[in-house]
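Examining the three-dimensional arrangement
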Amino acid sequence: LPAASGCLADVVDGVTRTPVNPTAWAMDYYNQGEVVSGVTRTLHIAGQVSVVDAPGTTWGVKASKPNDMRDQMAGALAAIDAVLEGAGMTRDNLVHMQFFVTDMDAGLDSVDILMDWLGDRRPPQSFIGVEALFMPELVIEIEATAVSGN
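Cut-offs used in this document
Residues numbered from 1 in each chain as written. Predicted model: local features only at pLDDT ≥ 70, side-chain atom pairs only at ≥ 80, totals over all residues. Heavy atoms only, no water. Salt bridge = Lys/Arg side-chain N within 4 Å of Asp/Glu carboxyl O. Helix = DSSP H or I, 4+ residues; strand = E, 2+ residues; numbered from the N terminus. Buried < 20%, exposed > 50% of the residue type's maximum accessible area, 1.4 Å probe, protein only. Core = buried A, V, L, I, M, F, W, Y, C linked by side-chain atoms within 4.5 Å. Pairing = 2+ DSSP bridges. Axes fitted to C-alpha atoms, helices over the stretch in contact; angles between N-to-C directions. Contact = heavy atoms within 4.5 Å. Expected span 1.5 Å × (residues − 1). Polar contact = N/O pair within 3.5 Å; in protein donor to acceptor, adjacent residues only side chain to side chain. Phe/Tyr/Trp six-rings, centres within 6.5 Å; stacked < 30°, edge-to-face > 60°.

1. Description of the pattern of salt bridges
- Counted under the stated rule, the structure contains three salt bridges.
- Put simply, D112 and R70 hold a salt bridge, and the shortest N to O gap is 2.8 Å. Placement of D112 in helix α3 (residues 111-118) and of R70 in helix α1 (residues 69-86) is noted, with a sequence separation of 42 residues between them.
- Classification of R70 as partly exposed rests on a relative accessible area of 38%.

What follows is the structure, encoded as structure tokens:
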């Protein structure tokens, strides 16, 4: 498999993940692809957002801090942690992430939060600019996929 130097296969929970990076430009942030084998369980995480309880509102929740990308990114990542934990998985099991942001500049300026959260893992990712999310005060929604060999 083509891979840029320094990218080695890794095994977590019986799943082998082999990075595929034909070019090295994004390797500090994510792998351009990963060949994943040995999977017996796949967790598809629906779009997670950063909300707090708000009884009496349409959804029963509201944005944690309206229009605050950094706060909402941290909150959405915490929500992903909760789903992973509920499935008996961790961040190490993530194999793909997709970010929907209403302000691309603010999203990219907040990538340090994501990098700190991911640690040494860099699953393939996409940042997609959108006009709006399901609540006007939300600025980021994150979907993810995780796998486990047990």
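Having seen the structure, we can now continue with the description.
2. Considerations on the nonpolar core
- In terms of nonpolar packing, the biggest core is built from 24 residues, with L77, I80, L84, M97, L114, W117 and I142 touching the most fellow members.
- Taken together, the elements giving at least two residues each to this core come down to β4 (41-48), α1, β7 (94-101), α3 and β9 (140-148).
- A63, F100, M135 and L138 belong to the second-largest nonpolar core, a separate cluster that totals seven residues.

3. A few points about the sheet that holds β7
- In spatial order, the strands read β4-β9-β7-β8; together these four strands make up an open sheet with mixed pairing. Taken across any chain shown, the strands that pair with only one partner, and hence form the sheet edges, are β4 and β8 (125-129). Pairs of neighbouring strands in the sheet enclose a mean axial angle of 10°, with direction left out of account.
- Across six bridges, the pairing between β4 and β9 is antiparallel. Pairing of Q48 across the sheet is with I142, part of β9.

4. A closer look at α3
- Among the eight residues in α3, six count as buried, and that is most of the element.
- Among the residues of α3, those classed as buried are V111, I113, L114, M115, W117 and L118.
- Here the buried face of α3 lies against α1, β7, α2 (104-109) and β8.
- With its phi angle positive at about 70°, G119 sits one or two positions after the end of α3.

5. Quick notes on α1
- In this model α1 runs 26 Å from its N-terminal to its C-terminal C-alpha over 18 residues, within 8% of the 26 Å that 1.5 Å per residue would give.
- Looking only at α1, the buried set comprises M69, Q72, M73, G75, A76, L77, A79, I80 and L84.
- Its side-chain oxygen 3.2 Å from the backbone nitrogen of R70, D68 forms the N-cap of α1.
- One or two steps after α1, the chain reaches G88, where phi turns positive at roughly 70°.

6. Concerning the packing of aromatic side chains
- Summed over the entire model, instances satisfying the criterion amount to two aromatic pairs.
- Seen in terms of ring centroids, W59 and F134 are 5.2 Å apart; in terms of plane orientation they differ by 85°. Their pairing is edge-to-face. On the criterion of sequence distance, the pair formed by W59 in the loop between β5 (51-53) and β6 (61-63) and F134 in the loop between β8 and β9 is long-range, its members being 75 residues apart.
- Residue W59 is classed as exposed on the basis of its relative accessible area of 57%.
- A relative accessible area of 42% means that F134 is categorised as partly exposed.

Keep in mind these values describe shape, not function.
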